[in-house]
Amino acid sequence: MNRLQTEPATDVLVETRGEVTLAAPDYARTKMLAVLERLDEPVLAARVKLTQEANHAVAKPSLAQAVVDLNGRPVRAHVAAATMQEAVDLLQDRLIARIARVRGHRDHHRRHATAPAVPLDGARHEHRPQRHARSAQERRIVRHKSYSLARQTAWEAVLELEAMDYDFHLFTDAASGCDSVVHRDPADDGYRLATVGPQVDPVPGLPLSTLGAPRLTVDDAVARLDLSGLPFVFFTDAVTGRGNVLYHRYDGHHGLITPAL
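Being a predicted model, the structure only gives us computed values, none of them experimental. (Residues numbered from 1 in each chain as written. Predicted model: local features only at pLDDT ≥ 70, side-chain atom pairs only at ≥ 80, totals over all residues. Heavy atoms only, no water.)

Caption draft 1: The arrangement of the nonpolar core in detail. Judged by nonpolar contacts, the single largest core of 27 residues is most densely connected at Val48, Leu50, Leu91 and Leu95. Elements supplying a minimum of two residues to this core: helix H2 (24-36), strand S2 (43-52), strand S3 (62-70), strand S4 (73-81) and helix H3 (84-112). If one sorts the elements of this core by residue count, H3 sits on top with seven residues. Among all residues touching Val48, those that are not within four sequence positions of it are Val12, Leu13, Val14, Glu15, Ala28, Met32, Gln65, Ala66 and Leu91. (Core = buried A, V, L, I, M, F, W, Y, C linked by side-chain atoms within 4.5 Å. Buried < 20%, exposed > 50% of the residue type's maximum accessible area, 1.4 Å probe, protein only. Helix = DSSP H or I, 4+ residues; strand = E, 2+ residues; numbered from the N terminus. Contact = heavy atoms within 4.5 Å.)

Structure follows, in structure tokens:
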């Protein structure tokens, strides 16, 4: 094994929150090293976060997240389980699947410029953290993230979604210049595309979302999110005219993503 593969992998940073057992960080580090030692790409950084929820009523209180920088491409995995050991084991499996899925999407798109015919790993979310139950009156927008959107093709956006283990990804479509979002379709684990403007050219293998991008105020978007039961709402902000995403957080509150103006 060459030096590029082994040297970066020796430094897996592990952060803990809550009452995580003393043995868990070493166990997580060993599991992550087992993943990284199998890779051909240079590993520039590797981080793991272990969180033990204090609420004993939560069915899956042990959370584990990993972010690995593979030669400049971050790959992320996020899981929850009943125990921290189980969470770390699941994290190892999901990270391996994430890396394989990203490679498969990248290689297929380079050859065909279309989506793979079927999902590569069945990226269901049974092992995601359990969302805390809150009444509509309790929910607040507790995180507002605003940043310059990446200018990407729709399939570059799908690759980003897969690499970061997201349910949706907000970006600026390179073809149309419009704020757009790609997201998973829970019915078949495929992908859908929505945009604030007219779609200039169909994207092979990437159907348009039936959700669209309705013109709403933020308050209207909150009401729609609470009533719909959907994980997020993509909308055209009635004030700015830009594409925004309002989403459910695992703590039961809302998060809002807006493009920097």
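Caption draft 2: Region of the structure containing the packing of aromatic side chains. Scanning the model with the defined rule gives three aromatic pairs in all. With 4.8 Å between their ring centres and 40° between their planes, Phe168 and Phe232 make a pair best called tilted. Residue Phe168 is located in strand S7 (residues 168-173), and its partner Phe232 is located in strand S11 (residues 232-237); the two are separated by 64 residues in the primary sequence. With respect to class, Phe168 is no different from Phe232; both count as buried. Ring centres 5.8 Å apart and planes at 50° place the aromatic pair Phe168 and Tyr247 in the tilted group. Taken together, the positions of Phe168 in strand S7 and Tyr247 in strand S12 (residues 243-248) put the pair 79 residues apart, joining distant regions of the chain. Side by side, Phe168 and Tyr247 carry an identical accessibility label, which is buried. Within the aromatic cluster, the residues linked to one another by ring pairs are Phe168, Phe232 and Tyr247. (Phe/Tyr/Trp six-rings, centres within 6.5 Å; stacked < 30°, edge-to-face > 60°.)

Caption draft 3: A look at the sheet that holds S7. If you walk across this open sheet you meet the four strands as S6-S7-S8-S9, and the pairing is mixed. Of all strands in the sheet, those bounded by a partner on one side alone are strand S6 (151-152) and strand S9 (190-195). Looking at chain direction, strand S8 (residues 179-185) and S9 are connected through six bridges and run antiparallel. Within the sheet, the bridge partner assigned to Val182 lies in S9 and is Leu193. (Pairing = 2+ DSSP bridges.)

Caption draft 4: Just the environment of Arg17, in detail. Locating Arg17 in the fold gives a position in strand S1 (residues 12-17). On the basis of relative accessibility, which here comes to 44%, the residue Arg17 falls in the partly exposed class. For the pair Arg17 and Glu53, spaced 36 residues apart in the sequence, the C-alpha separation amounts to 8.4 Å.

Caption draft 5: Inspection of the sheet that holds S12 at higher detail. Strand order in the open sheet formed by five strands is S5-S13-S12-S11-S10, and the pairing between neighbours is mixed. Whereas interior strands pair on both sides, the edge strands pair on one side only; in this sheet they are strand S5 (141-147) and strand S10 (215-216). Bridge count for S10 against S11 is two bridges, and the pairing is parallel. Following the sheet pairing, Arg215 is matched in S11 by Thr236. Docked against the sheet, helix H5 (residues 218-228) engages S5, S10, S11, S12 and strand S13 (254-259), running at close to 155° with respect to S11. (Axes fitted to C-alpha atoms, helices over the stretch in contact; angles between N-to-C directions.)

Caption draft 6: Examining the pairing of S1 more closely. As paired elements, S1 and S2 share six bridges and run parallel to each other. When the bridges of S2 are listed, Arg17 appears paired with Thr51. Where the polypeptide runs from S1 across H2 and back to S2, its parallel neighbour, the crossover connection is left-handed. (Right-handed = clockwise from strand over helix to strand, strands pointing away.)

Caption draft 7: Expanded view of the pairing of S8. Along S8, seven of the seven residues are buried, which leaves the element largely enclosed by surrounding structure. Note that S7 and S8 share five bridges and pair antiparallel. Across the sheet, the residue bridging to Thr172 is Asp179, located in S8. Adjacent in sequence and paired antiparallel, S7 and S8 are bridged by five residues, among which Gly177 carries a positive phi angle near 75°.

Caption draft 8: How the structure looks around unusual backbone geometry. One non-glycine residue, Asn71, lies in positive phi territory at about 55°. Relative to the helices and strands, Asn71 is located in the loop between S3 and S4. You can call Asn71 exposed: its relative accessible area is 52%. The phi dihedral of Asp165 is positive, around 60°, even though this residue is not glycine. Among the structural elements, Asp165 can be located in the loop between helix H4 (154-163) and S7. Take Asp165: its relative accessible area is 1%, and that puts it in the buried class.

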